[in-house]
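Residue-level listing of the chains:
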Amino acid sequence: MGALSIRNVVKEYGRGAQANRVIHGVSAEIADGEFIVIVGPSGCGKSTLLRMVAGLEEISGGEIAIGGRVVNDVEPADRDIAMVFQNYALYPHMSVYDNMAYGLKIAKLPRDEIDARVKKAAGILELGQLLERKPRQLSGGQRQRVAMGRAIVRNPQVFLFDEPLSNLDAKLRAQTRIEIRKLHAELGVTSLFVTHDQVEAMTLAQRMIVMNRGVMEQIGSPEAVYARPETTFVAGFIGSPPMNLVTGRAEGARFELPGAVVALPAPAPRDGDLVLGARPEHLALTPGGWPMRVELVEMLGAERLVHGRIGETAITVRVDGTQSPPSAGQTVGLSIAPAHLHWFDAGSRRRIEA
């Protein structure tokens, strides 16, 4: 069984008072066969966490278990994991077949079993016609599939993906995401996938871990994270364009923000300093609503993004591409249903339930 348990894991560089802590007690229970995406901005600690699971980084505190076995002191080669890197890491002088078979030959598996495993993986990844080619004769997407094939033939308990799509162009990334989804559906192997791209996270994950400065801000399904972000960081990071976050002072159904006062569609959960969140697609252009001065309209085909300000606060509204857009310099009204308002504490930046 490939269940993965991460229990209060800490990573520090250095020792004593001078130690620099980069992972702050991350805990997550990942079920056998689950596909988890770790997402966050550069430098948030997501790759470091993955490398600790792989055994490539030493754990400073906490515990990691794979299939019920604690692996803190187990060498990477003995953890029964397979890793797919960003840079493919293929041997240029070897054929596709030999690249995929190399690890199995080192493990001294019988030739017939090696051949069967390689051909099965090649069939899954549609590489059967490319087995005799060298990496230089392949496209970027084909090379990445070879790298995935090399991982598949090992039949590991856990797959680890470290930003494997970063070197691909946008169209190929979308295509490879579909292939990875199909691959997971067929193999059902526990998978941990690291990316800074929220689109990859939302489309691939069964659950996602949102990291920020070494802290796990939230774990949950893409739908739950999008609909109910636990912190202002998650609210501002997940979603494109991100959620509008407005800091102000609430008093019943009155909300005062820098340079303006607006009437809320329902009273705030409490009076005082709060952060109001509203996703761009939940705001509507409505005469007599919150007054927004339009600064820019972006045409994106099926939709438009209207950028403006309420008082001194920047706001983005997403409108249907068939809707007649306002002009720069015009003042329009905005409205939002009470169910689509998000509230956060101004100090802790954590979610408040209405």
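Residue indices begin from 1 for each chain and proceed along its sequence in written order. With the structure being a predicted model, the display of local features is reserved for residues of pLDDT at least 70 and the display and counting of side-chain atom pairs for 80 or more, all residues being used for whole-chain, interface and lining totals. Think of the side-chain values as coming from all heavy atoms in the structure, minus any hydrogens and water.

**Q** What am I meant to see in the packing of helix 2 (residues 96-106) against helix 3 (residues 111-124) here?
**A** Angle between the axes and distance between the axes are the two parameters that describe a pair of packed helices. In this analysis, axes come from line fits to C-alpha atoms, helices being fitted only over the stretch in contact, and the angle between any two N-to-C directions falls in the range 0 to 180 degrees. For the purposes of this entry, the term helix denotes a DSSP run of H or I that reaches at least four residues, the term strand denotes a run of E that reaches at least two, and both are numbered from the N terminus. Look at helix 2 against helix 3: their axes get within 10 Å of each other, and the N-to-C directions meet at 135 degrees. Taken together, the axis directions place helix 2 and helix 3 in an arrangement best described as oblique. Helix 3 is crossed by helix 2, and the crossing has right-handed handedness. On helix 3, the residues that touch Tyr97, Met100, Ala101, Leu104 and Lys105 of helix 2 are Ile114, Asp115, Arg117, Val118, Ala121 and Ala122. Any angle that falls under 35 degrees is termed roughly parallel, while one over 145 is termed roughly antiparallel, one within 65 to 115 roughly perpendicular, and all others oblique. Should the near helix be turned counterclockwise from the far one by less than a right angle, the crossing is left-handed, whereas a clockwise turn marks it as right-handed. Whether two residues are in contact is decided by their heavy atoms: any pair within 4.5 Å suffices.

**Q** Whenever I open this one, helix 3 confuses me. Can you help?
**A** Three- or four-residue spacings in an α-helix give side chains the same orientation, since the helix completes a turn every 3.6 residues. Counted at 1.5 Å a residue, the expected span for helix 3 with its 14 residues is 20 Å, and the 20 Å between its end C-alpha atoms agrees. Where helix 3 is buried, its residues meet helix 2 and helix 4 (140-152). Here the expected span of a helix is defined as 1.5 Å times the quantity of residues minus one.

**Q** Help me understand unusual backbone geometry in this model?
**A** Negative phi is the rule for most residues except glycine; trans is the rule for most peptide bonds. Residue Pro241 follows Ser240 across a cis peptide bond; omega there is -5 degrees. The topology assignment puts Pro241 in the loop between helix 8 (232-237) and strand 11 (244-251). Notably, Glu163 is not glycine yet its phi reads approximately 45 degrees, a positive angle. In this fold, Glu163 is placed in the loop between strand 7 (158-162) and helix 5 (170-187). Only protein chains enter the accessibility calculation, which uses a 1.4 Å probe; a residue whose area is less than 20% of its type maximum is buried, one above 50% is exposed, and one in between is partly exposed. Classification of Glu163 as buried rests on a relative accessible area of 12%. Despite not being glycine, Arg349 shows a phi value in the positive range, around 65 degrees. Its location among the elements puts Arg349 in the loop between strand 19 (342-345) and strand 20 (351-352). Given a relative accessible area of 31%, Arg349 falls into the partly exposed group.

**Q** How should I be thinking about the nonpolar core in this particular structure?
**A** A general trend in soluble globular proteins is that nonpolar side chains are found buried together. Core analysis: the largest hydrophobic core is formed by 44 residues, its most contacted members being Val37, Val39, Met100, Val118, Phe193, Met208 and Ile238. Not counting residues within four places of it along the chain, the set of residues in contact with Val37 comprises Phe193, Thr195, Ala201, Leu204, Ala205, Arg207, Met208 and Ile209. Joining through side-chain atoms within 4.5 Å is the link that ties buried Ala, Val, Leu, Ile, Met, Phe, Trp, Tyr and Cys residues into a set, and such a set is a nonpolar core. Of all hydrophobic cores here, the second largest spans 28 residues; its members include Ile23, Ala28, Met52 and Ile81.

**Q** How should I be thinking about the sheet that holds strand 1 (residues 4-13) in this particular structure?
**A** Two pairing modes exist for strands in a sheet, parallel and antiparallel, and in both the strands are linked by backbone hydrogen bonds. Any two strands with at least two DSSP-identified bridges between them are counted as paired. As summarised here, the arrangement of the four strands in space is 2-1-4-5, forming an open sheet in which the pairing is antiparallel. The open sheet has two edge strands with one neighbour each: strand 2 (20-30) and strand 5 (69-70). Bridge count between strand 4 (residues 61-66) and strand 5: two bridges; the pairing is antiparallel. When the sheet's bridge partners are listed, Ala65 is paired in strand 5 with Val70. With respect to the sheet, helix 1 (residues 46-54) is in contact with strand 1, strand 2 and strand 4, its orientation differing from that of strand 1 by roughly 115 degrees.

**Q** Just to check I follow, could you spell out the pattern of salt bridges for this structure?
**A** Note on pairing: side chains with opposite charge can pair once their charged atoms come close. For this document, the term salt bridge refers to a Lys or Arg side-chain nitrogen within 4 Å of an Asp or Glu carboxyl oxygen. As enumerated under the stated definition, the model contains 21 salt bridges in all. As a salt-bridge pair, Asp115 and Lys119 come within 3.2 Å of each other at their nearest N and O atoms. Residue Asp115 and its partner Lys119 are located together in helix 3, separated by four residues, close to a single helical turn. Given the relative accessible area of 24%, Asp115 is considered partly exposed. A salt bridge links Arg293 to Glu295, with the nearest nitrogen and oxygen atoms 3.9 Å apart. Of the residues examined, Glu295 reaches a relative accessible area of 40% and is grouped as partly exposed. If you follow the salt bridges from partner to partner, you end up with Arg7, Glu29 and Glu63 in one network.

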